[in-house]
Amino acid sequence: MDEVVVVRPGEFTIKRGATRAEMEKLLLKAAREAAEECGGAKFEKEPGRIYARGDTQCLKKALARVFGVKSVSPAYVMKFEGVADIAREAARLWVGLAAGRRFAVRVHRVGNHPFTSRDVAAAVGSALVAAGARVDLENPEVEFFVEVRGDRAYFYTEVVEGPGGLPLGSEGKVLALVSGGIDSPVAAWLLMRRGAHVDVLHCNLGGTVALRHTLEVIKRLLAWSYGYNARVIIGDCSPVAKALRSGVREELWNIAFKRALYRIGAEVAKTVRAAALVTGESLGQVSSQTLQALAAAEMGVGMPILRPLIGMDKDEITKLAQRIGTYEISAKTPEYCAVFSRRPKKWATREEIEEIDFALHDAVAEVASNVKVVRKWQLAEFIKTLSPPEDIEVETPPEGAVVVDLRDEESYRKWHLPGAVRADFDEVLSLVDKLGRDKTYVFYCYSGGLSLDVAESLRKLGIKAYSLRLRRGT
């Protein structure tokens with residue numbers, strides 16, 4: 001009796017010849033990388049199945065995250081001579097689990113045998129009934145699976161669903177535009193699921209705290225990218241925010257920023273040899289995702305833009321994000337609002353698009369030519385190196401500074417620093433525009449993370465800003 005993890009490949013098994021052979025090769029490459037998390041494994045394959053031997057409990061989790069895998073099962077395997085051998089072994093394995101419960105036996109058989117699948121099910125079922133169990137094929141408390149392939153029988157009770165799809169790398173390369181929010185990582189994952197190598201571009205508008213949050217999201221996303229050392233490309237997009245706020249009418253900011261992001265993505269895609277961009281847009285979800293706004297933003301970009309979420313609603317997207325493992329961090333990632341209008345247009349004319357391109361041309365070129373590239377395997381260490389500027393925290397506000405409380409209104413009413421004004425995170429830029437960019441600003445919040453990020457973000461826009469380190473008990 002031997003332990004093994006049965007791996008069931010997905011839809012590519014219907015393919016033939018060189019295409020199928022190449023996909024099997026890619027799947028095994030990814031499976032071997034996944035197995036490294038479990039100390040490695042020995043793999044064997046036959047038509048329609050792959051078997052992995054090693055740390056069974058670890059392997060079942062790792063291999064269930066490999067694209068192209070339909071499902072996996074930790075199983076016991078034995079050689080047999082007849083149905084009686086199979087029934088005897090099933091009884092030895094399962095009699096304790098079956099006793100006093102309703103059960104069903106499911107049999108799958110491949111090969112030429114002097115017996116049928118029904119014969120195996122009947123023999124195993126009889127052995128378990130003799131131990132005090134009761135057959136219930138419609139509503140069993142426990143299911144027992146026997147897979148007969150050639151002269152071997154595989155016994156298991158667990159089927160762990162995999163992502164399915166196609167093996168990573170079988171469908172070329174794309175560049176995913178990932179913000180760190182809920183939607184865009186899901187869009188990237190869906191393209192991985194269809195076999196594409198996915199590199200990631202993040203346009204950073206916030207400070208170090210927001211960047212760390214986003215890179216943690218991307219790290220969880222790329223934990224599925226077995227078999228490919230993906231690139232994470234980070235662009236400092238503050239030049240776009242500056243150019244947009246100074247040279248584009250506010251009602252066009254949403255469309256203008258999306259267009260700038262597409263154009264930066266198209267330039268970066270050329271350097272990584274990606275054939276298309278991937279975005280997390282869902283039709284009608286926000287004003288910049290209306291059909292007219294999307295058409296205006298992508299006009300003349302010169303590269304396919306894939307939108308796998310276009311017909312999904314937020315609940316569907318959220319469920320996928322939870323499955324992928326990105327939702328929890330994405331939901332906590334602050335959304336920087338320097339480029340979003342409160343009165344956005346839902347479309348733009350050709351003339352307005354030309355005005356946007358003229359205003360943002362230099363900023364787009366600057367961002368695209370100064371990106372930083374980090375490989376998947378380097379990402380965890382890179383995140384550890386990120387820290388805000390050393391002089392950004394102060395113990396007391398500089399003389400004449402505008403002090404801004406970023407906490408909620410109730411907390412502000414109960415207590416705030418003398419002279420402090422209150423602002424929500426998404427109101428900060430409007431407040432600065434109103435009071436003047438030539439002033440010094442000091443921000444404080446509950447724990448310091450948000451105020452650090454706001455201050456650092458404003459510094460990128462040329463505004464003198466600090467985060468106040470509140471003393472414990474204040």
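The structure presented is a predicted model; accordingly, all values stated were derived computationally and were not measured.

Visitor: Could you give an account of the pattern of salt bridges, with specific residues and numbers?
Guide: For the coordinates displayed, the defined rule picks out 41 salt bridges. A salt bridge links arginine 245 to aspartate 433; the nearest nitrogen and oxygen atoms lie 2.2 Å apart. With arginine 245 in helix H7 (residues 238–247) and aspartate 433 in helix H15 (residues 428–435), this pair connects stretches of sequence that are 188 residues apart. Take arginine 245: its relative accessible area is 16%, and that puts it in the buried class.

Visitor: Can you tell me about empty space enclosed by the protein, naming the residues and giving the values?
Guide: The final tally for this structure, using the stated rule, is 2 cavities of 30 Å³ or more. If you add up the space inside the second largest cavity, you get close to 50 Å³. Residue lining of the second largest cavity: Pro9, Phe12, Thr13, Arg20, Glu24, Leu27, Lys45, Glu46, Gly48, Arg49 and Ile50, and that is the complete set. Mapped onto the lining of the second largest cavity, the elements with two or more residues apiece are helix H1 (17–35), strand S2 (41–46) and strand S3 (49–54). Here the lining of the second largest cavity gets 3 residues from one element, more than from any other, and that element is H1. Classifying every residue of the lining of the second largest cavity gives 4 nonpolar, 2 polar and 5 charged.

Visitor: Quick one: what's the story with the environment of lysine 346, residue by residue and with numbers?
Guide: In this fold, lysine 346 is placed in the loop between helix H11 (327–332) and helix H12 (350–369). The exposure class of lysine 346 is partly exposed, given its relative accessible area of 49%. Once the C-alpha coordinates of lysine 346 and valine 66 are considered, the two residues, 280 residues apart in sequence, prove to be 40 Å apart.

Visitor: Explain the sheet that holds strand S16 (residues 393–394) to me, and be specific about the residues and the numbers.
Guide: Within a sheet, neighbouring strands are paired by backbone hydrogen bonds and run either parallel or antiparallel to one another. Taken in spatial order, the 5 strands make up an open sheet running S16-S20-S19-S17-S18, and their pairing is parallel. Because the sheet does not close on itself, it has two edges, and the strands there are S16 and strand S18 (421–422). Of the pairings in the sheet, the one linking strand S19 (residues 441–444) to strand S20 (residues 465–468) comprises 3 bridges and is parallel in character. Each residue of the ladder has a partner; that of tyrosine 441, found in S20, is alanine 465. Relative to the sheet, H15 contacts strand S17 (402–405), S18 and S19, its axis offset from that of S19 by approximately 155°. Packing against the sheet, helix H16 (residues 449–460) makes contact with S16, S19 and S20, and its axis sits at approximately 170° to S20.

Visitor: Could you give me a rundown of the packing of H7 against helix H8 (residues 253–272), with the residues and numbers involved?
Guide: Packing of H7 against H8 brings their axes to within 11 Å, and their N-to-C directions diverge by 145°. Both H7 and H8 take part in a crossing whose hand is right-handed. Within the contact between the two elements, H7 uses Val240, Leu244 and Arg245 and H8 uses Trp253, Ala256, Phe257, Ala260 and Ile264. Of the residues that constitute the contact of H7 with H8, the class distribution is 7 nonpolar, no polar and 1 charged.

Visitor: Give a description of H1 that names residues and reports values.
Guide: Within an α-helix, residues lying three or four positions from one another point in the same direction, as the helix has 3.6 residues per turn. Look at H1: 27 Å from first C-alpha to last across 19 residues, which is about the 27 Å you get at 1.5 Å a residue. Taken together, the buried residues of H1 touch strand S1 (2–9), S2, S3, helix H2 (56–63) and strand S4 (69–79).

Visitor: Describe the packing of H7 against H12, and please don't skip the residues or the numbers.
Guide: Between two packed helices, what matters for the description is the angle formed by their axes and the separation of those axes. Two elements in contact, H7 and H12, have axes whose closest approach is 8 Å; the angle formed by their N-to-C orientations is 175°. Regarding the angle of H7 to H12, the classification is roughly antiparallel. Along the contact surface, H7 presents Pro239, Val240, Ala243, Leu244 and Gly247, while H12 presents Ala359, Leu360, Ala363, Val364, Glu366 and Val367. Across the contact of H7 with H12, the residue classes tally to 9 nonpolar, 1 polar and 1 charged.

Visitor: Now, about the confidence of the model for the protein: what can you tell me, with residues and values included?
Guide: Per-residue pLDDT for the protein averages 92, and the proportion of residues at 70 or more is 97%. Ranking the helices and strands of the protein by mean pLDDT puts strand S10 (residues 173–177) first, with 98, and helix H9 (residues 291–297) last, with 86.

Visitor: Quick rundown of the state of the cysteines? Include the residues and the values.
Guide: Inspection of every chain in the model, using the stated rule, returns 2 disulfides. Each sulfur of the disulfide joining cysteine 38 and cysteine 58 lies 2.1 Å from the other. With the S-S bond torsion at -80°, the cross-link from cysteine 38 to cysteine 58 turns out left-handed. A residue pair is termed long-range when its members are at least 10 positions apart, and cysteine 38 in the loop between H1 and S2 and cysteine 58 in helix H2 qualify at 20 residues. Cysteine 58 sits in the partly exposed class, given a relative accessible area of 24%. When the bonded cysteines of the protein are counted from the start of the sequence, the pairing works out to 1-2, 3-4.

Visitor: So what's going on with the packing of aromatic side chains? Residues and values would help.
Guide: The full count for this structure, using the stated rule, is 11 aromatic pairs. On the numbers, 6.0 Å between centres and 35° between planes, the contact of phenylalanine 67 with tryptophan 224 is tilted. Taken together, the positions of phenylalanine 67 in the loop between H2 and S4 and tryptophan 224 in the loop between helix H6 (208–222) and strand S12 (231–236) put the pair 157 residues apart, joining distant regions of the chain. Tryptophan 224 carries the same exposure label as phenylalanine 67, and that label is buried. Pairing tryptophan 189 with tryptophan 224 gives two aromatic rings, centres 5.5 Å apart and planes at 85°, and the pair type is edge-to-face. Of this pair, tryptophan 189 sits in helix H5 (residues 183–193) while tryptophan 224 sits in the loop between H6 and S12, placing them 35 residues apart in sequence. The pair formed by tryptophan 189 and tryptophan 224 is uniform in burial state, with each residue classed as buried. Stacked on the ring of tryptophan 347, the Lys or Arg lysine 345 has its end atom at 4.0 Å from the ring centre. The lysine or arginine in question, arginine 459, covers the ring of tyrosine 466, its NZ or CZ lying 5.0 Å from the ring centre.

Conventions adopted
- Residues numbered from 1 in each chain as written.
- Predicted model: local features only at pLDDT ≥ 70, side-chain atom pairs only at ≥ 80, totals over all residues.
- Heavy atoms only, no water.
- Salt bridge = Lys/Arg side-chain N within 4 Å of Asp/Glu carboxyl O.
- Helix = DSSP H or I, 4+ residues; strand = E, 2+ residues; numbered from the N terminus.
- Buried < 20%, exposed > 50% of the residue type's maximum accessible area, 1.4 Å probe, protein only.
- 1 Å grid on protein atoms, 1.4 Å probe; cavity = no way out; pocket = protein on both sides within 12 Å on 5 of 7 lines; lining within 4 Å.
- Points joined across faces, edges and corners; volume = space filled by probe spheres on them.
- Nonpolar A, V, L, I, M, F, W, Y, C, P; charged D, E, K, R; others polar.
- Pairing = 2+ DSSP bridges.
- Contact = heavy atoms within 4.5 Å.
- Axes fitted to C-alpha atoms, helices over the stretch in contact; angles between N-to-C directions.
- Left-handed = near helix turned anticlockwise from the far one by under 90°.
- Expected span 1.5 Å × (residues − 1).
- Parallel < 35°, antiparallel > 145°, perpendicular 65-115°, else oblique.
- pLDDT = per-residue confidence, 0-100.
- Disulfide = S-S within 2.5 Å.
- Phe/Tyr/Trp six-rings, centres within 6.5 Å; stacked < 30°, edge-to-face > 60°.
- Lys NZ or Arg CZ within 6 Å of the ring centre and 35° of its normal.

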